[in-house]
Amino acid sequence: MNSPHFDVIVLGTGPAGSTIARKAAKSGHKTAIIESREFGGTCALRGCNPKKVYVNAASIIDQVHRANGKLITDCGVAIDWAQLLAFKKTFTEPVAVRSERSFHDAGIATFQGVPAFTGQAEVSVNEHQLSAKKIVIATGAKPAPLEIPGEEWVIQSDEFMELESLPERVLFIGGGYVSMEFAHVVARCGNSVTVVDHHERVLTSFDADLVKLLQGYSEQWGIRFRHGSRVVAIELAADQSMKVVLEGGDIIDCDMVVHGAGRVPSISDLRLEAGNVEYETNGIVVDDFMRSVSNPNVYAAGDCAASGQPKLTPTANEEARIIAKNLFADNPEIQPSYGQIPQVAFTIPAIAAVGMSEEQAREMNSNIDVRFKETSAWGSNRKTGDTVAGFKVILDKQSNKILGAHLLGPDADEMINLFALAQRFNLTAKDLKSALFAFPTSSADLRQMV
């Protein structure tokens, strides 16, 4: 068995792992990187980037539909699923080869297989036994186990994006990002779609008033919701259709069930106990410098780290930046500077948030100004045809600072970054109102929101 020694071994080739490995190698450290699946990570291969291809296609259908009879005449625009899949592959298929080649070009040793700790500074992968001064865990997340009879018939989101054809009736378990984004894609294909969620509403991390508006628009597109319902079993019929059994006995017939019921840190195969790496449900327990609290030579970043931050790509990027700086320091002293991280669900239209929710703001400060308005009739939105839009902005009355911003609408995914920028640099509502934005644009509406 080979036993090479490195300055650092990185587990995972997503945005965090790749950044750390490349910076370590560039600074002259002997570096290895291990990937249990294809090189490139979830975001590039089966997450954020390919998902937007499907969402963009559905957005075009939506825009044509709501502009019909106003801006244009719809002469039968439709999604060709096979064509869409082929286009998506132009983004994903080159990733693995390019990623591995880029590591080799940077002088990074690559290993493909499931890694596991065999000691505090040792990792095994396939027939290799590796050791290092430092080990970085950036293995991301994976779908949470459903633990119900018939779970084997449920497909994951990455499998959904590899479908050669779309079944007529699709059911999503869970009402989070994955389910809601792909439910809108399925609906724009004209297929039947149902979202089953055990919560009383979908998208619980977003503002309830805006979610209510979005759900109403979703229902206009034929998306059906079953709130407060749990899937307890899935049965496969003789004709290969499925029966989804809900708690209480109700049954929903469908042709495909997609997992959208949350994700968990992908650490179960790492044998963390052997590496003396403490972990909890939310991931590896780290200190303020992204270092393991139990093994000072191990760091963790991204979705597998219990940093207390949203499990989002910008979070992973910031944590990777910090680890790259702290990794070989005698006394790590740089902490992540997250600020307020914006989050977006790419439904159609998108819903976005940054900063405090209304509930959080009221708990911390009774002297707040909550500005909520449906803006579907505003000119910037009506000019695109009938849609749904709204905002909720929460201000501190005393300081005039923006505590939270929540947006729904065709350009919410871009506009939320303006609010994130304002919060990052402590701009007040008065500061934003004083800015002159290009007109007519969606960004110009910001002045009316604050």
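Above this text is the structure in question.
None of these values were measured; they are calculated from a predicted model.

**Points about the sheet that holds strand E24 (residues 390-396)**
Spatially, E21-E22-E25-E24-E23 is the arrangement adopted by the five strands of the open sheet, whose pairing is antiparallel. Two strands lie at the open edges of the sheet, namely strand E21 (343-345) and strand E23 (368-374), each paired on one side alone. Taking each pair of neighbouring strands and ignoring which way they run, the sheet shows an average axis angle of 10°. Bridge analysis of E24 against strand E25 (residues 402-409) gives six bridges, and the strand direction is antiparallel. Its bridge partner being in E25, valine 393 is matched across the sheet by alanine 405.

**With respect to the packing of aromatic side chains**
Per the counting criterion, the structure on display carries nine aromatic pairs. Geometrically, the ring pair formed by phenylalanine 87 and phenylalanine 91 is edge-to-face, given 5.2 Å between the ring centres and 90° between the ring planes. On the criterion of helical spacing, the pair formed by phenylalanine 87 and phenylalanine 91 is a turn pair, its members being four residues apart in helix H4 (residues 81-92). Grouping aromatic residues by their ring pairs yields a cluster made of Tyr54, Trp81, Phe160, Phe172 and Phe182.

**Describing the sheet that holds strand E9 (residues 169-173)**
Spatial ordering of the open sheet is given by E8-E15-E9-E10-E11, a layout of five strands whose pairing is parallel. Since the sheet does not close on itself, it has two edges, and those belong to strand E8 (154-155) and strand E11 (223-226), each with one partner. Inspection of the sheet shows strand E10 (residues 192-196) paired to E11 by four bridges, in the parallel sense. Note that in E11 the partner of valine 195 across the bridge is phenylalanine 225.

**Observations regarding the side chain of glutamate 35**
Of note, glutamate 35 is situated in strand E2 (residues 31-35). Buried and unpaired, glutamate 35 has no salt bridge, with arginine 46 as the nearest side chain of opposite charge at 4.7 Å. Apart from residues lying up to four places away in sequence, glutamate 35 is in contact with Gly12, Thr13, Gly41, Phe111, Gln112 and Gly113.

**Regarding the side chain of serine 292**
In this structure, serine 292 sits in the loop between strand E18 (283-285) and strand E19 (298-300). Separated by 3.2 Å, the side chain of serine 292 and the backbone nitrogen of serine 294 make a polar contact. In terms of polar contacts, serine 292 uses its side chain to reach the backbone amide nitrogen of asparagine 295, at 3.0 Å. Setting aside anything within four residues of it in sequence, one finds serine 292 in contact with Asn276, Val277, Glu278, Val285, Val286, Val298 and Tyr299.

**Focus on the packing of helix H1 (residues 15-26) against helix H9 (residues 313-326)**
As a packed pair, H1 and H9 sit with axes 8 Å apart at the nearest point and diverge in direction by 20°. The pairing of H1 with H9 is recorded here as roughly parallel in orientation. Seen from above, H1 lies across H9 with right-handed handedness. In this structure, H1 contributes Pro15, Ala16, Thr19, Ile20 and Lys23 to the contact, and H9 contributes Thr313, Ala316, Asn317, Ala320, Arg321, Ile323 and Ala324. Broken down by class, the residue content of the contact of H1 with H9 amounts to seven nonpolar, three polar and two charged.

**Regarding the pattern of salt bridges**
On inspection of all chains with the given rule, the structure shows 18 salt bridges. In this structure, the salt-bridge partner of aspartate 209 is lysine 392, at a minimum N-O distance of 2.5 Å. On the criterion of sequence distance, the pair formed by aspartate 209 in helix H8 (residues 208-220) and lysine 392 in strand E24 is long-range, its members being 183 residues apart. Here aspartate 209 falls in the partly exposed class, since its relative accessible area comes to 33%.

**Re helix H5 (residues 95-105)**
For H5, every residue scored as buried is listed here: Val95, Ser99 and Phe103. Seen end-on, H5 carries its buried residues on one side only, within an arc spanning 65°. Across from the buried face of H5, at angles greater than 90 degrees, the exposed residues are Val97, Arg98 and Asp105. Those residues of H5 that are buried lie in contact with H1, E2, helix H2 (41-46), H4 and strand E3 (109-112). After H5 finishes, the residue glycine 107 shows a positive phi value of roughly 80°.

**Quick notes on H4**
Taking 1.5 Å per residue, 12 residues should reach 16 Å; H4 reaches 16 Å between its end C-alpha atoms and fits that length. The set of residues buried in H4 consists of Trp81, Leu84, Leu85, Lys88 and Thr92. Buried positions in H4, seen along its axis, are confined to an arc of 100° and lie on one side of it. Taken together, the buried residues of H4 touch H2, helix H3 (48-67), H5, helix H6 (157-160) and helix H7 (177-188). Capping of H4 at its N-terminal end is provided by aspartate 80; its side-chain oxygen lies 3.2 Å from the backbone amide nitrogen of alanine 82.

Thresholds applied
Residues numbered from 1 in each chain as written. Predicted model: local features only at pLDDT ≥ 70, side-chain atom pairs only at ≥ 80, totals over all residues. Heavy atoms only, no water. Pairing = 2+ DSSP bridges. Helix = DSSP H or I, 4+ residues; strand = E, 2+ residues; numbered from the N terminus. Axes fitted to C-alpha atoms, helices over the stretch in contact; angles between N-to-C directions. Phe/Tyr/Trp six-rings, centres within 6.5 Å; stacked < 30°, edge-to-face > 60°. Buried < 20%, exposed > 50% of the residue type's maximum accessible area, 1.4 Å probe, protein only. Lys, Arg positive; Asp, Glu negative; His and termini not counted. Salt bridge = Lys/Arg side-chain N within 4 Å of Asp/Glu carboxyl O. Contact = heavy atoms within 4.5 Å. Polar contact = N/O pair within 3.5 Å; in protein donor to acceptor, adjacent residues only side chain to side chain. Parallel < 35°, antiparallel > 145°, perpendicular 65-115°, else oblique. Left-handed = near helix turned anticlockwise from the far one by under 90°. Nonpolar A, V, L, I, M, F, W, Y, C, P; charged D, E, K, R; others polar. Arc of directions from axis to C-beta. Expected span 1.5 Å × (residues − 1).

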